[in-house]
Protein chains: 2
Amino acid sequence: MASQFDTETHIEPTADPADGRGEWSTHLTSSWNIGTNPNGGYLVSPVLRAMRTLGAHPDPMTVTTHYLRPGTGDASATVEAELVRTGRTVSTARGRLIQDGKGRIETIAAFTDLSEPGDVPLTIEPPDMPPPGQCRERSGLEQGVDLPILNRVDVRLHPDQATAGQAEAAVVSGWIRFLDDRPVDTLALPLFADAFPPSVFGSLGYVGWVPTIELTVHVRRRPEPGWVLARFETTDLSDNRIIEDGVLWDSAGNLIAQSRQVGLLLTD
Amino acid sequence: MASQFDTETHIEPTADPADGRGEWSTHLTSSWNIGTNPNGGYLVSPVLRAMRTLGAHPDPMTVTTHYLRPGTGDASATVEAELVRTGRTVSTARGRLIQDGKGRIETIAAFTDLSEPGDVPLTIEPPDMPPPGQCRERSGLEQGVDLPILNRVDVRLHPDQATAGQAEAAVVSGWIRFLDDRPVDTLALPLFADAFPPSVFGSLGYVGWVPTIELTVHVRRRPEPGWVLARFETTDLSDNRIIEDGVLWDSAGNLIAQSRQVGLLLTD
């Protein structure tokens, strides 16, 4: 049986791709919403699927998405993508998601083949973390919004960081997996990198909404099965814009992705 | 008198922009070369100029560039750009640089107005650094290549980090300014973020060539006049790909930009 993630990010070509360009239709659900709008990592997933069909490489390696306007759940969308270059080891493509004639996201990504992990001379070690059963489930309380996405992904936060205003730094860390046990793969990592509460909700005690302006996810290797561990930190908040860095590890402790986003801190 | 940077990244429209799209011609010089090809930060500068003309906001805020093929100096190039969205506070555009009919770089960027610096609740403090006069000039020796770019920018490296294989971490830090005293502005920061030797040339002792696959620069505020201080570090090197993070500060100690790139470590 197809997983929720695969079903709900499925794309259907509306014409045969030609000259490295294609157009697809997709149907966004509201099941991945943060509040009343689809999660940003969810929006990029069908676009990545489309871009990937155009080149010869299966794994997204670097994915940059600009969030232009919120998406709408329980509504159809058009995906456009075009190949920019395909080489021996890397394919590069652009893509976008359109609803009601308006661009919602604009993405550029490079794909490669990560099927054979290479040497790792330098890495970032995972932080100490209680097992998922000793962590707190993410709730909507820290953002003051409903989180339908928690019916799709299981997010467990470090118990010391889970309450707004009580953590020691602008850090959020915890575990994540698909609730229906779909295995994590490289396509899912941009979603996982965007499914935690903003790290400024910890020490700084902010609540509300931090719309992402731009999110870049670097995938480093294919994950081993099991829970993914993630840690996000904001060390640079200026003029109401945060830079938040994330690191993700698989169940074997391998660094599988890094992320960085610039987001707008709405404090009213 | 126009500065070298402004003259050598000048763009000329080849037709009046219409429907948020335009095309420009530019002439790349080899004066900004690393070895035999133009520096990546130099290549993006005329594209940023073009993108900026399409929207209403003067300062690049987040700039992502994919490097598809090396550029060629002392040759003309075509710049194409199109506006993706323009809003009250942010304009987003795509652009590319083409030579001999082939895309060299593909860029997406969001622009805003940084004329009034806001509050800074969180920042990254600059590292201790000897003054420029006590630092070592960057030379081509650490890369084994000629560096014509050093006739355009003055790069002074921390004396403890300037020799391959002798530093304590994969860190490069130092000062940078335009040699002709052109003031630094937000347009120049993507160039400054890409003008230091790769940080893996320190502790790891690598020499050679680290082609950038993708570089994202986040501009945080307009710089005060004077030398720019920069620090780059690689903490994640896997399967011959590095993630290198950079932070740039102005002469007053303000954090003015952050950068992150994924680059390919060619070790043969």
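Considerations on the overall build of chain A
Part 1: When helices and strands are counted, chain A shows 3 helices and 15 strands.
Part 2: By the compact-globule yardstick of 18 Å for 268 residues, chain A fits well, its C-alpha radius of gyration being 18 Å.
Part 3: A buried classification covers 54% of the 268 residues belonging to chain A.
Part 4: Residue pairs in contact within chain A that sit at least 24 positions apart in sequence constitute 71% of those at least 6 positions apart.

Structural notes on the environment of A:Leu215
Residues and elements named next belong to chain A.
Part 1: Inspection of the secondary structure puts Leu215 in strand β12 (residues 212–219).
Part 2: Take Leu215: there are 26 C-beta atoms within 10 Å of it, and that puts it in the buried class.
Part 3: Remark: the alpha-carbon pair of Leu215 and Leu83, spanning 132 residues in sequence, is separated by 20 Å.
Part 4: Dropping the residues within four chain positions of it, Leu215 is found in contact with Gly40, Thr65, Asp194, Ser259 and Gln261.

Remarks on the interface of chain A and chain B
Part 1: With 39 residues of chain A in contact, the opposing surface of chain B contributes 40 residues.
Part 2: Those elements that provide at least two residues to the side of chain A that touches chain B are β5 (59–67), β6 (75–86), β8 (102–112), β12, β13 (228–238) and β15 (255–264) of chain A.
Part 3: It is β13(A) that provides the largest number of residues to the side of chain A that touches chain B, a total of 5 residues.
Part 4: When its residues are assigned to classes, the side of chain A that touches chain B shows 17 nonpolar, 14 polar and 8 charged.

Notes on the relation of the copies chain A and chain B
Part 1: Each copy superposes on the other: chain A lies on chain B with an RMSD of 0.0 Å after a rotation of 180° and an axial shift of 0.0 Å. Here the copies are linked by what is in effect a two-fold axis.
Part 2: Most of the interface of chain A is mirrored in chain B: 100% of its interface residues are interface residues there too.

Structural notes on the nonpolar core
Most often, soluble globular proteins have nonpolar side chains that are buried together.
Part 1: Counting residues in hydrophobic clusters, the biggest one holds 151 residues, and the most contacted among them are A:Phe192, A:Leu248, B:Phe192 and B:Leu248.
Part 2: Those residues in contact with A:Phe192 that lie beyond four places of it in its chain are A:Ile176, A:Val184, A:Val228, A:Ala230 and A:Leu248.

A closer look at the pairing of strand β10 (residues 153–157) of chain A
Residues and elements named next belong to chain A.
Part 1: Judged by how many residues are buried, β10 sits mostly within the fold: 4 of 5 residues are covered.
Part 2: Here 5 bridges tie β10 to strand β11 (residues 171–178), and the two strands are oriented antiparallel to one another. Bridging from a neighbouring strand, Asp154 pairs with Arg177 of β11.

Some thoughts on the pairing of strand β8 (residues 102–112) of chain B
The side chains of a regular strand alternate between the sheet's two faces.
Residues and elements named next belong to chain B.
Part 1: With 9 of 11 residues buried, β8 lies mostly within the body of the structure.
Part 2: Two strands pair when backbone bridges link them, and strand β5 (residues 59–67) and β8 are joined in this way by 8 bridges, in the antiparallel orientation. Looking at β8, one finds that His66 is bridged to Glu106.
Part 3: Pairing of strand β7 (residues 91–99) with β8, which is carried by 9 bridges, proceeds in the antiparallel orientation. Paired with Thr92 across the strands is Ala110, a residue of β8.
Part 4: Counted between consecutive antiparallel strands, the loop separating β7 from β8 contains 2 residues, among which Asp100 sits at a positive phi close to 50°.

Thoughts on the environment of B:His158
All names here are of chain B.
Part 1: Topologically, His158 is positioned in the loop between β10 (153–157) and β11 (171–178).
Part 2: Placed 86 residues apart in sequence, His158 and Glu244 show a C-alpha to C-alpha distance of 18 Å.
Part 3: Not counting residues up to four positions away in its chain, the partners in contact with His158 are Met129, Cys135, Ser173 and Gly174.

Observations regarding unusual backbone geometry
Part 1: The backbone of A:Asp74 shows a phi angle near 55°, a positive value even though the residue is not glycine.
Part 2: Here A:Asp74 is to be found in the loop between β5 and β6.

Let's talk about the confidence of the model for chain A
Part 1: Taken as a whole, chain A shows an average pLDDT of 93; of its residues, 96% reach a score of 70 or greater.
Part 2: Interface confidence for the predicted complex, expressed as ipTM, amounts to 0.96; the pTM equals 0.96.

What to know about the environment of A:Gly95
Residue and element names in this part refer to chain A.
Part 1: Relative to the helices and strands, Gly95 resides in strand β7 (residues 91–99).
Part 2: Taking the C-alpha atoms as reference points, Gly95 and Ala109, separated by 14 residues in sequence, lie 8.4 Å from one another.
Part 3: The residues touching Gly95, leaving out its near neighbours within four places in the chain, are Val47, Ala50, Met51, Val79, Glu80, Ala81 and Thr107.

Parameters and conventions
- Numbers given to residues run from 1 along each chain, matching the order in which its sequence is written.
- As they are written, the chains are lettered A onward and the ligands numbered 1 onward, keeping that order.
- Only residues with pLDDT of at least 70 get local features here, since the model is predicted, and only at 80 or more are side-chain atom pairs given and counted; chain-wide, interface and lining totals rely on the full set of residues.
- The helix and strand labels rest on DSSP assignments: H or I over at least four residues marks a helix, E over at least two residues marks a strand, and numbering proceeds from the N terminus.
- All radius of gyration figures rest on C-alpha atoms, and the globule criterion is 2.2 Å times the number of residues raised to 0.38.
- To assign burial, the other C-beta atoms lying within 10 Å of each residue's own C-beta are counted, with C-beta atoms placed from the backbone; 20 or more indicates buried, 12 or fewer indicates exposed, and intermediate counts indicate partly exposed.
- A pair of residues counts as a contact when their C-beta atoms, built from backbone coordinates, are within 7 Å of each other.
- Each residue receives one of three labels: charged for Asp, Glu, Lys and Arg, nonpolar for Ala, Val, Leu, Ile, Met, Phe, Trp, Tyr, Cys and Pro, and polar for the others, Gly being one of them.
- A least-squares superposition brings the copies together, and it is based on the C-alpha atoms of residues with pLDDT no lower than 70 in both.
- Joined through C-beta atoms within 7 Å, a set of buried Ala, Val, Leu, Ile, Met, Phe, Trp, Tyr and Cys residues constitutes a nonpolar core.
- In this description, strands pair whenever DSSP reports at least two bridges between them.
- Residue-level confidence of the predictor, termed pLDDT, takes values from 0 up to 100.

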